[in-house]
Amino acid sequence: MISLKNITKRHGHQILFVETSMQLDPGEKVGLVGPNGAGKSTLFRLITGEEKPDEGEVSVPKRLAIGHFRQDTSEMSGRTVLDEVITGCGRLGELHDELMVLEGRLADHEAPDYEKVIARYGHVQDEYSHLGGYELDARAHEILHGLGFRDDQIVNDVGALSGGWKMRVGMAKVLLGAFDVLLLDEPTNHLDIESILWLETWLHDSKAAVLMTCHDRDFMDRVVTRIIDVDGGELVSYTGNYAFMERMQKERAAQQQAAFERQSAMIAKMQRFIDRFGTHVAKAAQAQSRAKAIAKIERLDPPKRQEIVPFAFKQPPRVGEDVVKLAGVHKAYGEHAVYRGFDFEVKRGDRWCVMGQNGSGKSTLLKMVAGMTQPDAGTVRLGASVKLGYFAQQALELLDPALTVWQTIDRRFPLEATGTKRNLLGGFQFGGDDIEKRVAILSGGERSRLVLASILFDPPNFLVLDEPTNHLDLVTKQMLVETLAKYDGAMLFVSHDRTFLRGLANKVLDVSACPDGGRPVVYPGSYVDWVKKTGMEAPGVHA
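Below you will find a few notes about this structure. (Residues numbered from 1 in each chain as written. Predicted model: local features only at pLDDT ≥ 70, side-chain atom pairs only at ≥ 80, totals over all residues. Heavy atoms only, no water.)

## Brief notes about the sheet that holds strand E9 (residues 234-239)
- One open sheet holds the six strands; their spatial order is E5-E6-E7-E3-E8-E9, and the pairing between them is mixed. Here the strands that pair on one side only, and so sit at the sheet edges, are strand E5 (66-69) and E9. Adjacent strand axes in the sheet meet at a mean angle of 15° when their direction is disregarded.
- The pairing of strand E3 (residues 29-33) with strand E8 (residues 226-231) spans four bridges and is classified as parallel. Counted as the bridge partner of Gly 31 is Ile 227 from E8.
- Seen against the sheet, helix H10 (residues 242-277) touches E3, E8 and E9 and runs at an angle of roughly 115° to E9. (Pairing = 2+ DSSP bridges. Helix = DSSP H or I, 4+ residues; strand = E, 2+ residues; numbered from the N terminus. Axes fitted to C-alpha atoms, helices over the stretch in contact; angles between N-to-C directions. Contact = heavy atoms within 4.5 Å.)

Written out as structure tokens, the structure is:
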């Protein structure tokens with residue numbers, strides 16, 4: 001269906017692809033992986049025709065309908081969420097809008113072009129019906145509900161939404177259109193776990209071919225049947241999911257390492273002979289022969305390794321038994337009550353994950369605990385020895401855009417040794433020239449890493465984390481999980497990443513019932529145990 005043959009592509013001095021090829025077949029679900037800057041987004045633009053390869057051929061059938069979800073949104077305002085999604089869903093949206101215009105013109109029976117309008121209306125109506133247009137409204141509601149929108153949001157102005165919710169509108173447009181191919185750039189960003197689980201099922205059942213980048217390995221493992229790894233200018237294909245690719249890469253790396261070691265041992269043996277007998281009259285000829293043989297050997301390289309190294313932070317000061325206690329807490333936004341008479345406490349050693357559907361008050365709880373917002377009634381009290389560290393997406397906006405990565409950390413910890421600060425930044429994947437990048441040009445993932453590094457360098461004994469893995473790549477997520485697994489303080493966090501939840505949570509708080517006047521569900525076991533007991537990876541969503 002879509003094929004790239006022997007393509008080469010450069011961006012300035014950076015070579016992204018070198019005479020490499022790939023193919024995407026009808027209905028196939030493919031994950032695209034590789035380090036930042038490897039060329040994944042460029043590959044999407046080559047397929048859509050926004051960029052051309054320097055060499056090679058990109059073949060896309062002319063009548064192929066391609067939907068492209070990007071990590072940026074165009075200006076949205078002046079329409080309801082529903083109208084914005086329908087209008088922006090590609091050919092179906094165009095036909096929908098044209099039918100509305102034509103229906104208005106049909107009211108004027110005296111118009112000189114009335115017969116042409118009737119003919120055009122019939123033609124548009126046939127195509128609209130063939131593409132499933134008369135189910136468009138119902139499907140739009142289904143998709144918007146799946147992505148977490150309430151009915152009152154669907155009928156309100158899209159311009160009133162936050163950036164994260166507008167990203168969901170952009171996703172809904174792509175899912176609603178009758179596209180043959182979906183190009184999805186990090187589709188799980190800005191989604192909560194309920195919406196992620198819904199999207200897994202939707203994509204799995206879709207007849208469209210899918211090519212996507214994603215930093216959620218559970219999502220990848222459940223959706224894709226093939227992985228393409230952008231590796232050193234090549235597009236390396238693995239038939240299987242992400243877990244299968246990892247196994248194959250480990251096996252290939254082991255084989256490469258063994259071959260490298262065998263060759264190194266052979267060359268070392270030959271070199272010892274040369275060193276010993278190079279001046280020996282009887283064996284000089286043999287030594288020269290082996291020297292020539294060594295010169296002709298095509299040296300093997302050791303396998304490339306991307307090791308996950310947990311950041312070695314200082315252990316926080318020991319926290320007391322009582323970390324935080326909420327008593328009789330009420331919190332409402334207008335007429336929407338989030339908590340009514342809510343009691344909750346965190347003890348030393350607790351690692352609470354907070355679960356709940358949209359609007360159930362997960363982030364509100366974290367804000368009250370962190371002192372960022374106050375309850376309408378009741379009390380929130382921290383323990384006497386608590387040193388609290390709070391991470392939320394808003395913290396990314398508080399970074400000074402004029403500073404570099406290095407200046408941000410250097411000013412935060414001016415008395416620490418330069419080597420210590422470099423090790424910190426290296427642990428969070430800011431190596432080499434990356435530390436001289438200005439905050440203004442950092443990606444969302446890079447900003448998240450910088451904020452987390454500044455929090456964990458001198459760690460508090462109580463971490464309150466609201467979606468800490470948003471925008472983080474797979475390697476950084478795994479590093480963060482392995483780092484926090486050794487953390488000795490208490491934790492209260494919200495996360496949509498199941499690797500993070502499985503790796504860290506030893507208690508589960510489900511606040512879904514709170515806005516309806518119900519009591520929260522407290523489960524005194526790990527997230528893994530909670531899923532086994534309830535059969536749900538998220539409240540109301542069966543595993």
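## Topic: helix H16 (residues 474-484)
- Of all the 11 residues making up H16, nine are buried; the element is thus mostly covered by neighbouring parts of the structure.
- Every buried residue of H16 is accounted for by Leu 474, Val 475, Thr 476, Lys 477, Met 479, Leu 480, Val 481, Thr 483 and Leu 484.
- You can read the cap of H16 off the contacts: a side-chain oxygen lies 3.3 Å from the backbone nitrogen of Val 475, and it is on Asp 473. (Buried < 20%, exposed > 50% of the residue type's maximum accessible area, 1.4 Å probe, protein only. Polar contact = N/O pair within 3.5 Å; in protein donor to acceptor, adjacent residues only side chain to side chain.)

## A look at the nonpolar core
- Phe 149, Leu 182 and Leu 203 are the most contacted members of the largest nonpolar core, which has 57 residues in total.
- No other element matches the eight residues that helix H7 (residues 163-176) contributes to this core.
- The contacts of Leu 182, once residues within four sequence positions are left out, are Gly 67, Val 174, Leu 175, Trp 202, Leu 203, Ala 208, Ala 209, Val 210 and Leu 211.
- Phe 313, Ile 409, Phe 430 and Leu 442 belong to the second-largest nonpolar core, a separate cluster that totals 47 residues. (Core = buried A, V, L, I, M, F, W, Y, C linked by side-chain atoms within 4.5 Å.)

## Some remarks on the packing of aromatic side chains
- Following the criterion strictly, the structure yields 10 aromatic pairs and no others.
- Both rings, one in Tyr 128 and one in Tyr 134, keep their centres 5.1 Å apart while their planes meet at 80°; by these two values the pair is edge-to-face.
- The partly exposed category is assigned to Tyr 134, whose relative accessible area is 48%.
- With a centroid separation of 4.5 Å and 55° between ring planes, the pair formed by Phe 413 and Phe 457 is classed as tilted. Within this pair, whereas Phe 413 is found in the loop between helix H13 (405-412) and helix H14 (418-427), its partner Phe 457 is found in helix H15 (residues 444-457), the two being separated by 44 residues in sequence.
- Of the residues examined, Phe 413 reaches a relative accessible area of 10% and is grouped as buried.
- Among the aromatic residues, ring-to-ring pairing joins Tyr 339, Phe 342, Phe 344 and Trp 352 into one connected group.
- Sitting over the ring of Phe 273, Arg 290 keeps its end group 3.8 Å from the ring centre.
- In this structure, Arg 449 is placed above the aromatic ring of Phe 430, and the distance from its NZ or CZ to the ring centre is 4.8 Å. (Phe/Tyr/Trp six-rings, centres within 6.5 Å; stacked < 30°, edge-to-face > 60°. Lys NZ or Arg CZ within 6 Å of the ring centre and 35° of its normal.)

## Observations regarding the pattern of salt bridges
- Going through the model one piece at a time under the given rule, you end up with 31 salt bridges.
- Residues Asp 322 and Lys 347 are paired through a salt bridge, measuring 2.3 Å at the closest nitrogen-oxygen approach. Residue Asp 322 is located in strand E10 (residues 322-333), and its partner Lys 347 is located in strand E11 (residues 336-347); the two are separated by 25 residues in the primary sequence.
- We classify Lys 347 as partly exposed; its relative accessible area is 25%. (Salt bridge = Lys/Arg side-chain N within 4 Å of Asp/Glu carboxyl O.)

## Brief notes about the layout of surface pockets
- Here the second largest pocket is characterised by a volume of approximately 1,400 Å³.
- Lining the second largest pocket are 40 residues, and of these Ser 162, Trp 165, Arg 168, Asn 358 and Ser 363 lie nearest its centre.
- Elements that contribute at least two residues to the lining of the second largest pocket include exactly H7, E11, helix H12 (362-370) and H15.
- In terms of residue class, the lining of the second largest pocket is made up of nine nonpolar, 21 polar and 10 charged. (1 Å grid on protein atoms, 1.4 Å probe; cavity = no way out; pocket = protein on both sides within 12 Å on 5 of 7 lines; lining within 4 Å. Points joined across faces, edges and corners; volume = space filled by probe spheres on them. Nonpolar A, V, L, I, M, F, W, Y, C, P; charged D, E, K, R; others polar.)

## Examining the sheet that holds strand E2 (residues 14-24)
- Ordered in space as E2-E1-E4, the three strands form an open sheet in which the pairing is antiparallel. Where the open sheet ends on each side, the last strands, each with one partner, are E2 and strand E4 (55-59). In this sheet, adjacent strand axes meet at a mean angle of 25° when their direction is disregarded.
- As paired elements, strand E1 (residues 2-11) and E2 share seven bridges and run antiparallel to each other. Across the sheet, residue His 11 finds its bridge partner in E2, namely Gln 14.

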